2 protein chains.
Amino acid sequence: MAESFDPTTAPTLADIHAAAERLAGVAVTTPVLSSPVLDARLGGRLLVKAEPLQRTGSFKFRGAYNRIALIPEADRARGVVAFSSGNHAQGVAAAAQMFGIPAVIIMPADAPQLKIANTRSYGADVILYDRATADPSQTREAIGARLAAERGLTLVRPYDDAGVIAGQGTVGLELAAQAQAMGLTIDAVVICCSGGGLAAGVAMAVTASMPMAEVWTAEPVGFDDMARSLATGERVANDLRSGSLQDSLMAVMPGEITFPLLTGRQARGAVVSDAEAQAAMRDAFFHLKLVVEPGGAAALAAALSGKVPTAGRTVAVIASGGNVDVATYCAAIAG
Amino acid sequence: MAESFDPTTAPTLADIHAAAERLAGVAVTTPVLSSPVLDARLGGRLLVKAEPLQRTGSFKFRGAYNRIALIPEADRARGVVAFSSGNHAQGVAAAAQMFGIPAVIIMPADAPQLKIANTRSYGADVILYDRATADPSQTREAIGARLAAERGLTLVRPYDDAGVIAGQGTVGLELAAQAQAMGLTIDAVVICCSGGGLAAGVAMAVTASMPMAEVWTAEPVGFDDMARSLATGERVANDLRSGSLQDSLMAVMPGEITFPLLTGRQARGAVVSDAEAQAAMRDAFFHLKLVVEPGGAAALAAALSGKVPTAGRTVAVIASGGNVDVATYCAAIAG
């Protein structure tokens, strides 16, 4: 696959299975958690795929590792560059470290300090930029493209890349297999959504074996570009560029590759407030004993707040990450 | 086994395997977590068996369910009684609810509010007592024995019972199998210890397949009855009755059944301070994304603080529970 791989086209189901083989023994097969208390409250069966337990504390490691594995060896040795508010940064940095290659990570200056520190801890060179800049030469995309050209680095995109989407799709392969092992068929799968890499990959993998499963994305209020795009069938952008507690879900608009993969599966968008995300973090603390960050809790919040119907159904949600500062976490769980 | 079962003698390895069969599909097969950051810090391989992810938030559900399953059906229908500072209470209450039988739980009045509330949420009748009482008719043991006689309830002891020890031992069966699947042999297993039910069961199960594994108990400073007993070969009691942040590890002395199971496997005792337990909770928050309560963090603390040698070794620790109030948790992770 590495020889003929084109990251700019949609991945196939075979690409996701190939990613799963590459990630075997490297990524964690994260457990599916559940809570009798939450099930009783919802009147349904809630399955929580626990990606905070993934290497680097989020699903992003999967896509990053798979994508780097697909770079031809001579190019790979020169290193990679990525831009990210945090979890993709950590995923790329950790994967690059495992391959023994340099990584330059471009992060917004207002990203959580924990995510910046963690990214540096994996040996990456972190460059900070101003998320609100009006200078087109100083956007993260411009900085990334420039570095890629100057140093011969390969750009690892956060979502609009077939190798990245295929890696994230392994979450869905595992989830479907785990549900099947429990004797359950998933009626709906809810996925935290920024650019849509995780959502597209999981949607592909889950509907491949459970074609009747509804696909839902979950986004923050004010950053609901995917929900609005899915509703109209046209990719639209957010007006806001910053300001959500759900810091990992602030992509400007759906990806070119990810969006058709979701519309093709009749995906719908749920939108959750920061308070709903905090309530979901609190429920995860009490009933799942799982540390979830605000953006990582969006899908759980969509189910717990009733935005995705759960009564009498089996609803799977992806808890996508757990990289959160102590102050932010404790404010959420104190309720 | 139910017909001929004698809870007052030591369980056998076959009893642990029988418990595993009873618990299949009922208890969670909890994952083994690890962290490259913690491994690098210790210069070894740390495996964390994540029992906070167990039903009711601690391993106690395993022993309680297995013990209740072993009560002859006619007796079982009348119900069960248990005394516990919290996690055994929740385990027995939840298991009784699953069997559809009454449960009376006798808890110290100073137990964490969360544990009292959770126990009630499983439908149990909770009776509070004064942990510091000098009146021998008002100890938890006396109250429990009285209720058992009056109402025909079966007393489910927290640790000194073959059925309970066998249930807790399933943690060790799973751990050994999971380590083997990772291609690892456990050099030392460290187990949070109160009366020693979990420690004895895990020691039996792990050393059965990995006979060279060292067995370590972990206890709070001031409640190190097991460590002192193991050092001298004689069961000795603690002077203190309350006062540790590690509230789940305050049994007065090692059990009559559990103690010989540990001395027979050359177990050693590690003793950790509350500050060390808090530091372990903090590391679990940042690097494992797992919520661990103070007493549930004792074994992890023993490894992270260097009390159990880890350099160049594979050390497995049981994170035994995650039922903790928000204020206690946030004080710990704030560092």
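No experiment lies behind these values; they were computed from the predicted model shown. (Residues numbered from 1 in each chain as written. Chains lettered and ligands numbered in written order. Predicted model: local features only at pLDDT ≥ 70, side-chain atom pairs only at ≥ 80, totals over all residues. Heavy atoms only, no water.)

Here we come to the overall build of chain A. Broken down by element type, chain A carries 14 helices and 10 strands. Evaluated residue by residue, chain A yields a buried proportion of 63% over its 335 residues. At a minimum sequence separation of 6, the contacts of chain A that also span at least 24 residues come to 74%. In the form shown here, chain A has an accessible surface area of approximately 11,500 Å², with 53% of it arising from carbon and sulfur atoms. (Helix = DSSP H or I, 4+ residues; strand = E, 2+ residues; numbered from the N terminus. Buried < 20%, exposed > 50% of the residue type's maximum accessible area, 1.4 Å probe, protein only. Contact = heavy atoms within 4.5 Å. Areas by Shrake-Rupley, 256 points an atom, 1.4 Å probe, with all protein chains shown as cover.)

Three or four residues apart is the spacing at which side chains of an α-helix point the same way, because the helix has 3.6 residues per turn. Residue and element names in this part refer to chain B. Spanning 15 residues, helix 12 (residues 274-288) covers 20 Å between terminal C-alpha atoms, matching the ideal 21 Å at 1.5 Å per step. Within the sequence span of helix 12, burial applies to Ala277, Ala280, Met281, Asp283, Ala284, Phe285, Phe286 and Leu288. Positioned one or two residues after helix 12, Lys289 has a phi angle of 60 degrees, which is positive. (Expected span 1.5 Å × (residues − 1).)

With that settled, the discussion passes to the sheet that holds strand 9 (residues 268-272) of chain A. All names here are of chain A. Overall, mixed pairing links the 6 strands, which are arranged 1-2-10-7-8-9 in an open sheet. Two strands lie at the open edges of the sheet, namely strand 1 (32-33) and strand 9, each paired on one side alone. Two strands pair when backbone bridges link them, and strand 7 (residues 188-192) and strand 8 (residues 214-220) are joined in this way by 5 bridges, in the parallel orientation. Each residue of the ladder has a partner; that of Val190, found in strand 8, is Trp216. Seen against the sheet, helix 8 (residues 162-181) touches strand 1, strand 2 (45-50), strand 7 and strand 10 (314-319) and runs at an angle of roughly 140 degrees to strand 2. (Pairing = 2+ DSSP bridges. Axes fitted to C-alpha atoms, helices over the stretch in contact; angles between N-to-C directions.)

Taken as a whole, this structure holds 1 disulfide over all chains when the rule is applied. With its sulfur 2.3 Å from that of its partner, Cys330 of chain A forms a disulfide with Cys330 of chain B. Torsion about the S-S bond of the Cys330 of chain A and Cys330 of chain B cystine: about -110 degrees, corresponding to left-handed handedness. Highlighted residues: Cys330 of chain A in helix 14 (residues 326-334) and Cys330 of chain B in helix 14 (residues 326-334), drawn from two different chains. What makes Cys330 of chain B buried here is its relative accessible area of 13%. Note on Cys192 of chain B: no disulfide assigned, nearest cysteine sulfur contributed by Cys193 of chain B at a separation of 8.9 Å. (Disulfide = S-S within 2.5 Å.)

Residue and element names in this part refer to chain A. Annotation of chain A at the domain level lists domain 1 (13-58 + 161-334) and domain 2 (61-155). The centre of domain 1, based on its C-alpha atoms, is set 23 Å off from the matching centre of domain 2. Listed per partner, the contact involves 31 residues of domain 1 and 22 residues of domain 2. Interface area for domain 1 against domain 2, summed over the two sides, is near 2,100 Å², with a carbon-plus-sulfur share of 54%. Three residues, Arg22, Thr56 and Asn323, lead the burial of domain 1 against domain 2; their summed loss comes to 26% of the area buried on that side. Our enumeration of links across domain 1 and domain 2 arrives at 5 salt bridges. Where the side of domain 1 that touches domain 2 is concerned, the elements lending two or more residues are helix 1 (13-23) and helix 8. With 8 residues, helix 8 is the single largest residue contributor to the side of domain 1 that touches domain 2. Looking at the side of domain 1 that touches domain 2 residue by residue, the classes come out as 10 nonpolar, 11 polar and 10 charged. (Domains from an automatic or database assignment. Buried area = accessible area lost by both parts, 1.4 Å probe. Salt bridge = Lys/Arg side-chain N within 4 Å of Asp/Glu carboxyl O. Nonpolar A, V, L, I, M, F, W, Y, C, P; charged D, E, K, R; others polar.)

The next subject is the relation of the copies chain B and chain A. With an RMSD of 0.0 Å, the fit of chain B onto chain A corresponds to turning through 180 degrees and sliding 0.0 Å along the axis. Both copies of the chain, as the preceding transformation shows, are related through a two-fold rotation axis. In terms of C-alpha distance to the rotation axis, chain B has Leu290 of chain B as its closest residue, with the C-alpha 2.6 Å off the axis. A symmetric contact is evident, with 100% of the interface residues of chain B recurring at the interface of chain A. (Least-squares fit on C-alpha atoms with pLDDT ≥ 70 in both.)

So, on to the pairing of strand 2 (residues 45-50) of chain B. Residues and elements named next belong to chain B. Most of strand 2 sits out of view: 5 of its 6 residues are buried. Pairing between strand 1 (residues 32-33) and strand 2: 2 bridges, direction antiparallel. Among the inter-strand pairings, Val32 is bridged to a residue of strand 2, identified as Lys49.

In this description, a pair of aromatic rings is defined by centroid distance and the angle of the planes. All names here are of chain B. This structure, assessed with the given rule, holds 11 aromatic pairs over all chains. With 5.6 Å between their ring centres and 40 degrees between their planes, Phe61 and Tyr65 make a pair best called tilted. Residue Phe61 and its partner Tyr65 are both found in helix 3 (residues 60-69); the two are separated by 4 residues, about one turn of the helix. You'll find Phe61 and Tyr65 in the same group, each marked buried. (Phe/Tyr/Trp six-rings, centres within 6.5 Å; stacked < 30°, edge-to-face > 60°.)

This next bit is on the sheet that holds strand 6 (residues 154-155) of chain A. All names here are of chain A. Pairing is parallel in the open sheet, where 4 strands are placed in the order 5-4-3-6. The sheet terminates laterally at strand 5 (125-129) and strand 6, the two strands that pair on one side only. Direction of pairing for strand 4 (residues 103-108) relative to strand 5: parallel, over a ladder of 5 bridges. Bridge pairing in strand 5 places Ile105 opposite Val126.

Residue and element names in this part refer to chain A. The geometry of helix 8 relative to helix 9 (residues 197-209) is characterised by a closest axis approach of 7 Å and an angle of 40 degrees between their N-to-C directions. Considered as vectors, helix 8 and helix 9 are oriented oblique to each other. Here the hand of the crossing between helix 8 and helix 9 comes out right-handed. For the pair helix 8 and helix 9, the contacting residues are Ile165, Gln168, Gly169, Val171, Gly172, Leu173, Leu175, Ala176 and Gln180 in the first and Gly197, Leu198, Ala200, Gly201, Val202, Ala205, Val206 and Ser209 in the second. Tallied by class, the residues present in the contact of helix 8 with helix 9 amount to 10 nonpolar, 7 polar and no charged. (Parallel < 35°, antiparallel > 145°, perpendicular 65-115°, else oblique. Left-handed = near helix turned anticlockwise from the far one by under 90°.)

Next up on the list: the interface of chain B and chain A. The partner chain A presents 24 residues to the 24 residues of chain B that form the contact. Here chain B and chain A share an interface that buries about 1,900 Å² over both sides, 78% of which is from carbon and sulfur atoms. By the criterion of area lost to chain A, the three top residues of chain B are Phe285, Lys289 and Val326 of chain B, representing 33% of everything that side buries. Scanning the region where chain B abuts chain A turns up 0 salt bridges. At the surface where chain B touches chain A, the tally comes to 6 residue pairs in polar contact (both at pLDDT 80 or more). Secondary structure elements with two or more residues in the side of chain B that touches chain A: helix 12 and helix 14 of chain B. Among the elements that take part in the side of chain B that touches chain A, helix 14 of chain B stands out by supplying 5 residues, more than any other. Classifying every residue of the side of chain B that touches chain A by side-chain character gives 17 nonpolar, 3 polar and 4 charged. (Polar contact = N/O pair within 3.5 Å; in protein donor to acceptor, adjacent residues only side chain to side chain.)

Okay, helix 9 (residues 197-209) of chain B next. All names here are of chain B. Its 13 residues give helix 9 an end-to-end C-alpha distance of 19 Å, which sits within 8% of 18 Å, the value for a rise of 1.5 Å per residue. Here helix 9 has its buried residues at Gly197, Leu198, Ala199, Ala200, Gly201, Val202, Ala203, Met204, Ala205, Val206 and Thr207. Looking at the buried side of helix 9, the elements it contacts are helix 1 (13-23), helix 8 (162-181), strand 7 (188-192), strand 8 (214-220), helix 11 (258-263) and strand 10 (314-319).

Turning next to the packing of helix 12 of chain B against helix 14 of chain B. Residues and elements named next belong to chain B. For the pair helix 12 and helix 14, the least separation of the axes is 7 Å and the interaxial angle reads 85 degrees. Considering their axes alone, helix 12 and helix 14 lie roughly perpendicular with respect to each other. Taken together, the residues of helix 14 that come into contact with helix 12 (itself represented by Gln278, Met281, Arg282, Phe285 and Phe286) are Tyr329, Ala331, Ala332, Ile333 and Ala334. In the contact of helix 12 with helix 14, the residues fall into 8 nonpolar, 1 polar and 1 charged.

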